[in-house]
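Chain by chain, the residues:
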Amino acid sequence: MKSSVRIPKIFVNAEFQRLLWLNLNWGLVASVILVFGLFIAMRTDSVRLAEYLAILGGFGLSFAALACLILISRSLKRDISSNMFDQLRMSSLSPWQMAYSRLIAAPVLGWVVFACSWLCLIAAYMIGAPKNDLTMMMLAMLPLSVWTLLCLFLTNSLQFKRGLQQWSGNGTQIVLLIINAAIMQPHLLGALSDIREKFDSADFTNSFVDFMMTPSSAVEVAFSTIWPAILMSIAVNAAMAQRLHLRPSRHIFLLCSLLLPFTYAGQMLTMPWPLTCLQLAFSYASTAALSILCQDNRPSTFQTGLQALSQGDFRRAFNHLPSWIFLLPLALVFSSLLSTTLTITLLLNLLVLWCVVTACCSKPLRFNSITIALCANALLHILYYIAFFMR
């Protein structure tokens, strides 16, 4: 008679306790509270208390977010250098327990700064700000906004030691990614001008920004904050599972990318259909570009995925094929409903990026291939602009 071994559930998170013990210092906690108290006591009578607390809370939130990112990065680097992270593979804790421990216990001092800043903003709102449901809901959702940011940062930080031909998530690549996104803006602005002429709307772009950035109800504010927090929690759990237990996570990236545009579901229900199509096209094109950069695009991976797809094994195909294969057609479909120029612009930009990344990853190089690909892609666009303006 065979008897299966049942692993008992772990209710005490030892990793959370370890990180808390390493990072929690009651003296520093008291110092943070004392600093906020001193800043409040330094207020002069010429400055209104509500405005002073709002400014102090705003600066505190910025410092808290930066402190949390630095503390998480320091915690990861310390565990990696001491081989502690490799030992976590043998732990019976779940990837989610590992993930939220790294998000809460490692940057605990940053969370203390956030709590003090949050209380300052709430006090400013209660003392002098005009009362309305939108402001109250935005204040209530601030912890989830910070949580989403930290989940995104940890998901990117877990891409370490993937090899010189894959995304590593370092600061250089992040800066180059922002530069490439900025360089592509003139192409998109030209396509938007074509859309404005087609729909006879002089303020098409302004209407798009207004619909996306100005929610009309507290429910929209809550949903647009809770939804990305849920998606990023799923993403960081998948990244931790892949890092510790080599579980495939491409289908999770694809699922989160497909559901991400519904962050603005409330606004999409009320905005005109061209704005909805534009939002979906930009969202899927952006995630397709991230898939090209961050996921494995080697020919062997394509062959394995296409072979599984031809055999009807869709789960195995989703785990091997990069997500941009599914996201790019969606972006082209929604953009084609608006303008042929926008469709061609998105297609050419993403195809050029894919060709550059594939060429750089085809041969082993001394430096990271994705970093070189980002530099080459930016250089190609700059040369194109120079040639365009000189003709």
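Preceding this section is the structure that the text describes.
This text gives an overview of the structure that appears in the document. Counting from 1, residues in each chain are numbered in the order their sequence is written. Where totals are concerned, whole chains, interfaces and linings use all residues; where local detail is concerned, this predicted model gives features only for residues with pLDDT of at least 70, and gives and counts side-chain atom pairs only at 80 or more. Processing note: side-chain calculations cover all non-hydrogen atoms of the structure and skip hydrogens and water entirely.

### Considering the overall build of the chain
And step 1. The secondary structure listing takes helices from DSSP runs of H or I that are at least 4 residues long and strands from runs of E that are at least 2 residues long, numbered from the N terminus. Helices and strands together make up the secondary structure of the chain, namely 20 helices and zero strands.
And step 2. Taken across its 391 residues, the chain has 45% of its residues classed as buried.
And step 3. Each accessible area is a Shrake-Rupley result for a 1.4 Å probe, and residues are judged covered by the shown protein chains and nothing else. Of the roughly 21,200 Å² of accessible surface on the chain, a fraction of 71% belongs to carbon and sulfur atoms. When accessible area is computed with a 1.4 Å probe and restricted to protein chains, residues below 20% of their type maximum are described as buried, those above 50% as exposed, and intermediate ones as partly exposed.

### Here's the deal with the packing of helix α3 (residues 49-81) against helix α8 (residues 142-157)
And step 1. Axes here mean lines fitted to C-alpha atoms, for a helix over just the part in contact, with angles spanning 0 to 180 degrees between N-to-C directions. Where α3 contacts α8, the axes come no closer than 11 Å and their chain directions differ by 30°. Judged on the interaxial angle alone, α8 and α3 are roughly parallel. The hand of the α3/α8 crossing is right-handed. Within the contact between the two elements, α3 uses Leu61, Ala65, Cys68, Leu69, Ile72, Ser73 and Leu76 and α8 uses Leu142, Leu149, Leu150, Phe153, Leu154 and Ser157. Any angle that falls under 35 degrees is termed roughly parallel, while one over 145 is termed roughly antiparallel, one within 65 to 115 roughly perpendicular, and all others oblique. By definition, turning the near helix anticlockwise from the far helix through less than a right angle yields a left-handed crossing, and turning it clockwise yields a right-handed one. In this analysis, two residues are considered to be in contact whenever any of their non-hydrogen atoms come within 4.5 Å of each other.

### A closer look at the environment of Met136
And step 1. When you line up the elements, Met136 lands in helix α7 (residues 133-140).
And step 2. As for Met136 and Ile122, which are separated by 14 residues in sequence, their C-alpha atoms are 8.5 Å apart.

### Observations regarding the pattern of salt bridges
And step 1. The term salt bridge refers to a pairing of a side-chain nitrogen on Lys or Arg with a carboxyl oxygen on Asp or Glu at a separation within 4 Å. Overall, the coordinates contain five salt bridges when judged by the stated rule.
And step 2. Close ionic contact of Arg102 with Glu15 constitutes a salt bridge, the shortest N to O distance being 3.3 Å. In this pair, Arg102 is assigned in helix α5 (residues 95-104) and Glu15 in helix α1 (residues 14-23), connecting sequence segments 87 residues apart. Summarising the burial analysis for this pair, Arg102 and Glu15 share the class buried.
And step 3. Note that Glu51 is salt-bridged to Arg48, the shortest N-O span being 3.5 Å.
And step 4. The partly exposed category is assigned to Glu51, whose relative accessible area is 42%.
And step 5. Among the charged side chains, a salt-bridge network with shared partners connects Glu15, Arg18, Asp79 and Arg102.

### Quick word on a nonpolar patch on the surface
And step 1. Exposure above 30% relative accessible area and no salt bridge define the residues that can form patches, which grow by joining like charges within 9 Å and nonpolar side chains of Val, Leu, Ile, Met, Phe, Trp and Tyr within 5 Å. Judged by side-chain polarity, Leu379, Ile382, Leu383 and Ile386 come together as a nonpolar surface patch covering roughly 350 Å² of accessible area.
And step 2. For Ile386, the position within the fold is in helix α20 (residues 369-390).

### Details of the nonpolar core
And step 1. Take the buried Ala, Val, Leu, Ile, Met, Phe, Trp, Tyr and Cys residues and link them wherever side-chain atoms come within 4.5 Å; each set so joined is a nonpolar core. Counting residues in each nonpolar core, the largest one holds 50 residues, and the members touching the most others are Phe85, Leu103, Leu150 and Leu158.
And step 2. Those elements that provide at least two residues to this core are α2 (26-41), α3, α5, α6 (108-127), α8, α12 (218-245) and α13 (250-259).
And step 3. Among the elements that make up this core, the one with the highest residue count is α6 (11 residues).
And step 4. Look past the residues within four positions of Phe85 in its chain and what remains in contact with it is Leu76, Asp79, Ile80, Arg102, Leu158, Phe160, Met240, Arg243 and Leu244.
And step 5. One finds Leu293, Ala308, Leu342 and Leu350 within the second-largest nonpolar core, a separate group that totals 39 residues.

### Here's the deal with the state of the cysteines
And step 1. Only a pair of cysteine sulfur atoms within 2.5 Å qualifies as a disulfide here. Inspection of the entire model under this criterion finds zero disulfides.
And step 2. Sulfur of Cys361: no disulfide; nearest cysteine sulfur belongs to Cys360 and is 6.7 Å away.

### A few points about the environment of Asn377
And step 1. Examined against the element boundaries, Asn377 turns out to sit in helix α20.
And step 2. On the basis of relative accessible area, Asn377 is assigned to the buried category, the value being 0%.
And step 3. Taking C-alpha positions, Asn377 is 7.7 Å from Val352, a pair spaced 25 residues apart along the chain.

### Re the side chain of Thr263
And step 1. Of note, Thr263 is situated in the loop between α13 and α14 (265-270).
And step 2. One polar contact links the side chain of Thr263 to the main-chain carbonyl oxygen of Leu260, over a distance of 2.7 Å.
And step 3. With near-sequence residues (within four places) excluded, Thr263 lies in contact with Phe223, Ser224, Trp227 and Pro228. Residues adjacent in sequence count toward polar contacts only when both atoms are side-chain atoms; beyond that, a polar contact is any pair of N or O atoms within 3.5 Å, and within protein one must be able to donate a hydrogen and the other to accept it.

### Considering helix α15 (residues 273-294)
And step 1. Helix span, expected: 1.5 Å multiplied by one less than the number of residues in the helix. Compared with the 32 Å implied by 1.5 Å per residue over 22 residues, the 31 Å span of α15 between its first and last C-alpha is a close match.
And step 2. Counting buried positions along α15 gives 17 out of 22 residues, so the element sits mostly inside the fold.

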